[in-house]
Amino acid sequence: MQKIPVSWAAAGARRMDRQGLLTPAPTAEASPADIAGRMLGAHAQVASAAELSIALRLDGATRTDVRDALAGGHAPTGGHDAAGGQHSAGGQGPGPRPRQGTLVKTFGPRGTIHLLPAQDLPWWTGALSALPARPTTFSPEARMTAAQTDEVLAAIGDALTGAELTVDELTEAIVARTGSWAADPVMPAFQTLWPRWRQVTHTAAHRGVLAFGRDRGRKVTYTNPGCTPASPTRSLHELVNRYLRAYGPATAEDFAAWLAAPKGWAAALFASLAEKDRIEEVAFVSGRAWLAAGDTAFPDEPPRGLRLLPYFDAYVIACRPRELLFPGAAATRALAGGQAGNHPVLLIDGTVAGVWHQRRTGRRIALTVEPLGRLNAPHRRALDEQVERTAAVLEATADLTLGKLTVGPHA
């Protein structure tokens, strides 16, 4: 059977359209959680970047809309409440009951912090908990046995139920439920040693018993989102289906890179789905690529438009092949050791055409854009509009400068 041919331009137009990068979605038809779902999560290591990633895809939205979707989640019950009263670290003291938000901040693909839709958390945790375990880098003295891991995960789930605890409070609660060995300072991290239990933080998130709560001043907190992971097999199938609908055509190797999973495992997963006719092969510039079965419609027009995308935006992380997304000088200027996302990028007609940086002082943002080529008059007008939109999302006023950036990646 002859494979359907898909061009790079057609793929770019569909990817941008489905993510609201061609035309932002109306707020009457979509929410921040809907947008995060279409993106397969918003990278949230830098909170303002996640807020901008989601809000720029939603017509008229601001960072407050994203924060409200997240902050609707859990009211503090551990530590101190707004009136200064103290609650117990184990979550047994008085205080408001947790509230369910439409977004959850947790460890998502690649083990990095993401904003995910709360309603998708069961299949996300089902899929992430089914990924092959990575080889441990910890010394034999630091490692935890399978029994210790299960004991700590149970302690985490219990301690965080109905509570929001800082890492120190959580450590105390885990030790009270397991033993002092869980707090042994044996895990190297940032020129110090963390408690032994923290090596399973990501595992706890993927098992559905840990997510981020609301910050308490400068300290992060954790809470139990109350999630039961769905069937691993069905969850993995759901993840591949949604990934291909958002970023296809894509190869098994593309999927593995996006998920930070072994290539051989991803190839076997795709082969099994192909045998079940869940995915179908197409002719793409990257060679043997795949789409979700039956999802073969593509726009006739190439991608158009100019966008300012923040750090680690889902579009630049997931879209491949990279040599077409970052053509020519863009690969040198916008990639850091081959890794995308360390620089916010200027996107023109679906490809990276520059980098940018912002520096905020109060309610003013000094925004510098470094185009990698000449901007024509329509591009210049579109850039002015994007600067205004970025400022509106971040609830500030922006001053634009065109010129060479002097800051490094992830500055």
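Up top is the structure these notes are about.
Residues numbered from 1 in each chain as written. Predicted model: local features only at pLDDT ≥ 70, side-chain atom pairs only at ≥ 80, totals over all residues. Heavy atoms only, no water.

Participant: Looking at this structure, I do not really get the overall build of the chain. What am I missing?
Facilitator: When helices and strands are counted, the chain shows 15 helices and 17 strands. Buried positions account for 50% of the 411 residues belonging to the chain. Nonlocal contacts in the chain, meaning residues at least 24 apart in sequence, comprise 66% of its contacts between residues at least 6 apart. By element, 52% of the accessible surface of the chain is carried by carbon and sulfur atoms, the whole surface being about 18,400 Å². (Helix = DSSP H or I, 4+ residues; strand = E, 2+ residues; numbered from the N terminus. Buried < 20%, exposed > 50% of the residue type's maximum accessible area, 1.4 Å probe, protein only. Contact = heavy atoms within 4.5 Å. Areas by Shrake-Rupley, 256 points an atom, 1.4 Å probe, with all protein chains shown as cover.)

Participant: Would you mind showing me how to read the sheet that holds strand 2 (residues 42–43) here?
Facilitator: Two strands in a sheet stick together by hydrogen bonds in their backbones, pointing the same way (parallel) or opposite ways (antiparallel). If you trace the three strands from one edge of the open sheet to the other, you get 2-6-5, paired in antiparallel fashion. For this open sheet the edge positions go to strand 2 and strand 5 (103–107), each flanked by a neighbour on one side alone. Along the sheet face, helix 2 (residues 32–39) touches strand 2, strand 5 and strand 6 (113–117) and points at about 115° away from the line of strand 6. (Pairing = 2+ DSSP bridges. Axes fitted to C-alpha atoms, helices over the stretch in contact; angles between N-to-C directions.)

Participant: Would you mind going over helix 11 (residues 263–275) with me for this structure?
Facilitator: For an α-helix, the turn length of 3.6 residues means that residues three or four places apart are oriented alike. Under the 1.5 Å per step criterion, the end-to-end length of helix 11 is 18 Å for 13 residues, consistent within 8% with the ideal 18 Å. Lining the buried residues of helix 11 we find helix 9 (232–247), helix 10 (252–259), strand 11 (279–284) and strand 12 (287–292). With its phi angle positive at about 60°, D277 sits one or two positions after the end of helix 11. (Expected span 1.5 Å × (residues − 1).)

Participant: Just to check I follow, could you spell out empty space enclosed by the protein for this structure?
Facilitator: Scanning the entire structure with this criterion turns up one cavity of 30 Å³ or more. If you add up the space inside the largest cavity, you get close to 60 Å³. Forming the boundary of the largest cavity are M39, L40, G41, H43, P109, R110, H114, Y247, W258, F312, A314 and I317. For the lining of the largest cavity, the class distribution of residues is eight nonpolar, three polar and one charged. (1 Å grid on protein atoms, 1.4 Å probe; cavity = no way out; pocket = protein on both sides within 12 Å on 5 of 7 lines; lining within 4 Å. Points joined across faces, edges and corners; volume = space filled by probe spheres on them. Nonpolar A, V, L, I, M, F, W, Y, C, P; charged D, E, K, R; others polar.)

Participant: Just checking my understanding: could you explain the packing of aromatic side chains for this structure?
Facilitator: Taken as a whole and judged by the stated rule, the model has ten aromatic pairs. Aromatic pair W123 and W124: ring centres 5.0 Å apart, planes at 20°, arrangement stacked. Judged by its relative accessible area of 1%, W124 falls in the buried class. Aromatic pair F255 and F270: ring centres 5.5 Å apart, planes at 45°, arrangement tilted. Here F270 lies in helix 11 and F255 lies in helix 10, a separation of 15 residues in the sequence. We classify F270 as buried; its relative accessible area is 2%. (Phe/Tyr/Trp six-rings, centres within 6.5 Å; stacked < 30°, edge-to-face > 60°.)

Participant: I keep staring at the sheet that holds strand 15 (residues 351–361) and nothing clicks. Help me out?
Facilitator: Pairing is mixed in the open sheet, where five strands are placed in the order 13-14-15-16-17. The two strands at the open ends of the sheet, each matched to only one other strand, are strand 13 (306–309) and strand 17 (397–402). Going from strand to strand, the sheet's axes swing by 30° on average, the running direction of each strand aside. Summarising the sheet, strand 14 (residues 345–348) and strand 15 pair through four bridges and their orientation is antiparallel. Looking at the pairing, L347 lines up with V352 of strand 15.

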